[in-house]
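Each chain is listed here by its residues.
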Amino acid sequence: MNKSADLDFTKLPREAATGKPLEPRRTPGYYPGFSTLSQSPFWDDATRQVVTRRVDLSPAVKFFSAEEFEFWTGVFGHLVPQTDRTPDRQIPLVAPLDHRLYVNQTVGYRYDTMPQDRDAYRLGREAINKEALQQYGRDFLALPYRQQDLVLKAIHDGKPYAAQEIWGSMSVHRFWQLMMGDVIDAYYAHPWAWDEIGFGGPAYPRAYTRLENGEPEPWEVKEKRHEWLAPEAAVSHELESAAHHHTEADQHGATKEVSAKES
Amino acid sequence: MKEPILGAFQPPGNDQHMLGALQFLHVPMRKFTQQDEVDYLIVGIGAAGGVLLQRLARAGFNVVGLEAGPFWDTERDWVSDEAGSHELYWEDPRVTGGSDPLALGANNCGKGVGGGTVHWAAFTPRLHPSDFEVYTRDGVGVDWPINYEDIRPYYEQLELEMPVAGPAYYPWGHPHGYAYGPHPMGGVGNTLIRGCSALNIPVSIGGPVAILSGSHGDRPHCIYRGFCIQGCKVGAKASTLITHVPDALKQGAEIRDHCMVSRVELAKEGRVTGVYYFDRAGNVNFQKAKAVIISGYAIETPRLLLNSACPGFENGLANSSGTVGRYLMAQAGNVVLGRFEQPVRMYKAPPAHALTEEFYETDPKNDFARGFAIQTVGPLPIAFGKQMLASKKAWGWGLRREMMDYNHWAAFGLLGEILPWDDNRVTLADEKDRFGLPVAHVSFNLHDNDKKLIKFAKEKTMEVMAAAGATEVEQEARYAHLVGAARMGSNPATSVVDKFGRSHDIANLFVCDGSIMPTQGSANPGLTIQALAARTADYLISQGARVFQSNDRDMTTPPIRKELAPAETWGKGVPRLTGKP
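Bear in mind that the values here come from a model prediction, so they are computed numbers and not experimental data.

Caption draft 1: Structural context of the overall build of chain B. Helices and strands together make up the secondary structure of chain B, namely 13 helices and 18 strands. Relative to its length of 581 residues, chain B is compact, with a C-alpha radius of gyration of 23 Å against a globular reference of 25 Å. Its C-alpha atoms give chain B principal-axis dimensions of about 70 × 65 × 65 Å. Among the 581 residues that make up chain B, the fraction classed as buried is 61%. Across chain B, the fraction of contacts at a sequence separation of at least 24, relative to all contacts at a separation of at least 6, is 73%.

Dropping the structure here:
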């Protein structure tokens, strides 16, 4: 992660009442002092190994080139921003994807409006850079934070201006879904993210015992909420209910992409 | 206490902790050779394959099961972790398309001994009597070649074998009760009860779900850890790996894991003689068999039949009707999310623990046929993140903020009946897998009735969530389960197999899994698949050696043979004399 990012107050979330930037913390969220990892002696051995390996190991980059790795680090830093975390507690987001693409692991299916995952990321990088060039005249990584957010928002909205030749052969909505899926997989698989959202994590063999009314276990902590605003420079805090779409294809903007395949 | 008195929990076997699987199989597995012509070869040891293997072995047949995935050592291989559990799902390549493409993989496809029952949420409602005659009643879909009374004894028996926990009185379909007690409520279950009660909708509390609410012999009780669909390390949730495979092995069945079947071989005389498969090392083998049963589920079963095309069956084995791969069904599985001021912590308790089938049947007031169920679900953080992505288009800081409220959300899943259509189908793609076998292309398209049903069901489920007191209600559109694509029927021109699962075209080739279901109702299919397997097993056992020697097709329905169930799974009830004097 880019350490100088932390010095830029426009990239930090703000206190709702005062608008003052919030200092980066080891564990953002509403569960002060909660640590799932502190409970790992109570987990079974296989689970403890899988989770602690995820925290301790930083595997070598094997699939992406150095440039590609830097590019995706920049992009993923907007998809799940971490400027509210101290640098020592930022969660690696691109390394798990690099590993997945290196071993060619998939989720077990590919939309026929999409290329193979490896190609999708290659084409995606090209398309995002073209979008940045067309909108702001520079490569994605050379843009200021807000413009980077806006470039990605065009993909998010399914309305990119540039690279129509790429989006003609790769569904922009399914690409967004692929990229967000990978970044969610990486961030919310990490026990530091569990601490942030108050998820108790593994509970075998000890069990969860307080099932009702959202009560914490003796080793969990109660929620202490505080109100906060997204960083000044960000546009990614805007939400839009998609509840009116009742089919998956509508909700993911894929209705018109009827398969050409017919045997 | 910072850690357990004897230190961090260690793997089983060091005498320090009572942890891990309590069922040890001390019998060496029987091994057949490829020269042995076994009686039955079963492709896929999942929900159906596990039950078939057990029944046929207990009846004394020589049975081999070939399974593409591993034989799990649950304590070593399974983890309480979403990202670490991907090997439970079918991750080999497939292509998905159509106007409404289906997500596959973790959504609906298992791999390894136990198959989908390893990662199901284990809701086990029965089909309703109406499900077997939707064409007669509503003029949609197709009738089954059997009726509810044909499958009912198998529902009753399998509910004891898993066993199923549920309420003493279950009011829908053919009303019945459950022998094993219901589960306590988690936060999501309480939310469903609150919402349904406010709208005067009856609700089933604590089941039916194939998870132990109390101890059962040496199988431990549920510990409410919430990782049901990541594989139950506890052993409280039923899978055929626990319920039927151990008995099958004790009775002399063999399971070969990591074996991918590539084609079923047909001899000149029109009978199958065995299957070719790739073993763990990637070598091609041929196992001779007197009869073959394909239990590969709704995508791999038709794929194997299509990949087994040969002279006489150029369009796929057992496909003279052209229906192999067609009439594939998924259920509408929209997830409705509600935010509450009071924390819910929906990761505690099994995802499956309360439901309503009040909207299951056709209602003349609606503009569509058939109906839906509303059930509890309990997404863990990664799944919930993707629901926020779909339902609120969340990303960046918006996603981070929504996720910090994870503990304030509850989730219901609707389960809506999508009808069988011939353009929803599995075909072969040009792409090949690592064995060089063409992969499946799945095409899925919603039709008018389906879309109307989903819209209504989604709105009703959102209404229930709002009535429960949610301050915000959102919704992720998706699908659940897969059935069809090798359907059963009485007419060989419009179906692949007969009412016992025997292919119309080839007398010693059977299909037994979810793919033979002609329609699907709004019930989770796991119980029905296992009940159909037990029924097919009874038929095969009643036919004895005739299946191996003759092309005659005896359509007599045999009585249920409860004595072939795993030991101790029936016969403990209040005595009631029903025989003639």
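Caption draft 2: Representation of the pairing of strand β1 (residues 38-43) of chain B in the model. Residue and element names in this part refer to chain B. Counting buried residues in β1 gives 6 out of 6 residues, a clear majority hidden from the surface. Here β1 pairs with strand β8 (residues 284-294) via 5 bridges, running parallel. Looking at β8, one finds that valine 38 is bridged to alanine 289. The sheet contact formed by β1 and strand β2 (residues 63-66) spans 4 bridges and is parallel.

Caption draft 3: Broad picture of the environment of Leu211(A). Note on placement: Leu211(A) falls in the loop between α8 (191-197) and β3 (228-229). Note on Leu211(A): 21 C-beta atoms within 10 Å, which makes it buried. Apart from the residues within four sequence positions on either side, Leu211(A) is in contact with Pro184(B), Met185(B), Gly186(B), Gly187(B), Tyr224(B), Lys348(B) and Ala349(B).

Caption draft 4: Molecular detail of the sheet that holds strand β15 (residues 438-443) of chain B. The 4 strands lie next to each other as β2(A)-β3(B)-β15(B)-β14(B), forming an open sheet whose pairing is mixed. For this open sheet the edge positions go to β2 (110-111) of chain A together with β14 (425-432) of chain B, each flanked by a neighbour on one side alone. Along the sheet, helix α8 (residues 297-307) of chain B makes contact with β14 and β15 of chain B, crossing β14(B) at roughly 65°.

Caption draft 5: Structural detail: the packing of helix α1 (residues 47-58) of chain B against helix α12 (residues 526-543) of chain B. All names here are of chain B. For the pair α1 and α12, interaxial distance at closest approach is 8 Å and the crossing angle is 30°. Between α1 and α12, the angle is such that the two are roughly parallel. Crossing handedness for the pair α1 and α12: right-handed. Residues Ala47, Ala48, Val51, Leu52, Arg55 and Leu56 of α1 pack against Gly526, Ile529, Gln530, Leu532, Ala533, Ala534, Thr536, Ala537, Leu540 and Ile541 of α12. Split into classes, the residues belonging to the contact of α1 with α12 amount to 12 nonpolar, 3 polar and 1 charged.

Caption draft 6: How the structure looks around the packing of helix α5 (residues 187-198) of chain B against helix α11 (residues 448-467) of chain B. Residue and element names in this part refer to chain B. α11 packs onto α5 with a crossing angle of 100° between their chain directions and a minimal axis gap of 7 Å. Put simply, α5 runs roughly perpendicular to α11. Residues Gly195, Cys196 and Ala198 of α5 form the contact with α11, whose participating residues are Val464, Met465 and Ala467. Class assignment of the residues belonging to the contact of α5 with α11 gives a composition of 5 nonpolar, 1 polar and no charged.

Caption draft 7: Structural detail: the confidence of the model for chain B. Mean pLDDT over chain B works out to 95, with 97% of the residues at or above the 70 mark. Across the assembled chains, the prediction reports ipTM 0.95 with pTM 0.95.

Caption draft 8: Summary view of the interface of chain B and chain A. Each partner contributes residues to the interface: chain B has 87 residues there, and chain A has 73 residues. Of the residues belonging to the side of chain B that touches chain A, the class tally is 42 nonpolar, 22 polar and 23 charged. Two strands pair when backbone bridges link them, and β2(A) and strand β3 (residues 95-97) of chain B are joined in this way by 2 bridges, in the parallel orientation. What sits directly across from Arg110(A), in β3(B), is Val95(B).

Caption draft 9: Representation of unusual backbone geometry. Residues and elements named next belong to chain B. Each neighbour pair has its own omega, and for methionine 162 with proline 163 the value is -20°, a cis peptide bond. Mapped onto the fold, proline 163 is located in the loop between α4 (148-161) and α5. The peptide bond linking glycine 207 to proline 208 adopts the cis configuration, its omega dihedral lying at 5°. Residue position: proline 208 is located in the loop between β4 (204-205) and α6 (240-243). For lysine 393, which is not glycine, the phi torsion reads 50° and is therefore positive. Inspection of the secondary structure puts lysine 393 in the loop between α9 (381-392) and α10 (396-404). In this structure lysine 393 comes out as buried when scored by C-beta crowding, with 20 C-beta atoms within 10 Å.

Caption draft 10: Region of interest: the environment of Leu540(B). Positionally, Leu540(B) belongs in helix α12. Separated by 214 residues in the primary sequence, Leu540(B) and Arg326(B) place their C-alpha atoms 26 Å from one another.

Caption draft 11: Here's a closer look at α12(B). Between its terminal C-alpha atoms α12(B) stretches 26 Å, which fits the 26 Å expected from 18 residues at 1.5 Å a residue. The buried fraction of α12(B) is high, at 15 of 18 residues.

Cut-off values and rules
Every chain begins its residue count from 1, and numbering advances along the sequence as written. For naming, the first written chain is A and the first written ligand is 1, with later ones following in the order written. This being a predicted model, a pLDDT of at least 70 is required before a residue's local features are given, and a value of 80 or more before pairs of side-chain atoms are given or counted; all residues contribute to the totals for chains, interfaces and linings. Secondary structure follows DSSP: runs of H or I at least 4 residues long count as helices, runs of E at least 2 residues long count as strands, and numbering of each begins at the N terminus. A radius of gyration in this sense is built from C-alpha atoms; the matching globule rule multiplies 2.2 Å by the number of residues raised to 0.38. Around each residue's C-beta, the other C-beta atoms within 10 Å are counted; 20 or more make the residue buried, 12 or fewer make it exposed, and counts in between make it partly exposed. All C-beta atoms are placed from the backbone. Here, residues touch in the contact sense if the C-beta positions derived from the backbone fall within 7 Å of one another. Any two strands with at least two DSSP-identified bridges between them are counted as paired. The axes used here are C-alpha line fits, helices contributing only the stretch in contact, and every angle between their N-to-C directions lies in the interval 0 to 180 degrees. Working definition: roughly parallel below 35 degrees, roughly antiparallel above 145 degrees, roughly perpendicular at 65 to 115 degrees, and oblique for all remaining angles. Take the far helix as the reference: if the near one is turned anticlockwise from it by less than a right angle, the crossing is left-handed, and if turned clockwise, right-handed. Think of it as three bins: nonpolar holds Ala, Val, Leu, Ile, Met, Phe, Trp, Tyr, Cys and Pro, charged holds Asp, Glu, Lys and Arg, and polar takes everything else, Gly as well. Per-residue confidence from the predictor is given as pLDDT, running between 0 and 100. To estimate the expected span of a helix, count its residues, drop one, and scale the result by 1.5 Å.

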